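Report on the structure
In case you want the letters, here they are:
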Amino acid sequence: MRLKATVHNVNIRGCEPRENQKGEGYLLVRFEDETGAAHELVDKDMDRQKFYKRDTDMDLSIDIDQGRKFTTIRIIDAKVIE
């Protein structure tokens, strides 16, 4: 099953570029939700790294892919809240 959702009003805490075993780059994005709980998500669009600055409030669009054995959640779009 595949779903798309939006996570509103997250506060970016940091972003770290990484590589998988195949050498493909991705971003590990750390953020806090409205309750202050810390979370991490993956964004495969390396061009968005410049938007993930500490203390930036954003809305994140995510893709949720639920398989038989595991669920994958990835950022597919990010918008800065003005």
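In this text the structure is predicted, and so the values were computed from the model without any measurement. (Residues numbered from 1 in each chain as written. Predicted model: local features only at pLDDT ≥ 70, side-chain atom pairs only at ≥ 80, totals over all residues. Heavy atoms only, no water.)

1. Overview of the side chain of T56
Heads up, the condition is: A run of H or I in DSSP counts as a helix once it spans at least four residues, and a run of E counts as a strand once it spans at least two, with each numbered from the N terminus. Buried residues are those whose accessible area, probed at 1.4 Å on protein chains only, stays under 20% of the maximum for their type, while exposed residues exceed 50% and partly exposed ones sit between those limits. We define a polar contact as two N or O atoms separated by no more than 3.5 Å, with the added condition that, inside protein, one atom must be a possible hydrogen donor and the other a possible acceptor, whereas residues neighbouring each other in sequence contribute only through side-chain atom pairs.
You can see T56 is positioned in the loop between strand 3 (38-43) and strand 4 (57-66). Given a relative accessible area of 16%, T56 falls into the buried group. A distance of 2.8 Å separates a polar side-chain atom of T56 from the backbone oxygen of K53.

2. What to know about the pattern of salt bridges
To keep things clear, this is the line we draw: Note on definitions: salt bridges are taken to be side-chain nitrogens of Lys or Arg within 4 Å of carboxyl oxygens of Asp or Glu.
Under the criterion given, the structure shown has 12 salt bridges. The closest approach of N and O atoms between E32 and R13, which form a salt bridge, is 3.8 Å. Of this pair, E32 sits in strand 2 (residues 25-32) while R13 sits in strand 1 (residues 2-19), and the two are 19 residues apart along the sequence. Residue class for E32 comes out partly exposed when judged on its relative accessible area of 29%. On the accessibility criterion, R13 (24% relative accessible area) is partly exposed. Notably, a salt bridge pairs D43 with R48, separated by 2.7 Å at the nearest N-O pair. Exposure remark for R48: the relative accessible area of 11% places this residue in the buried category.

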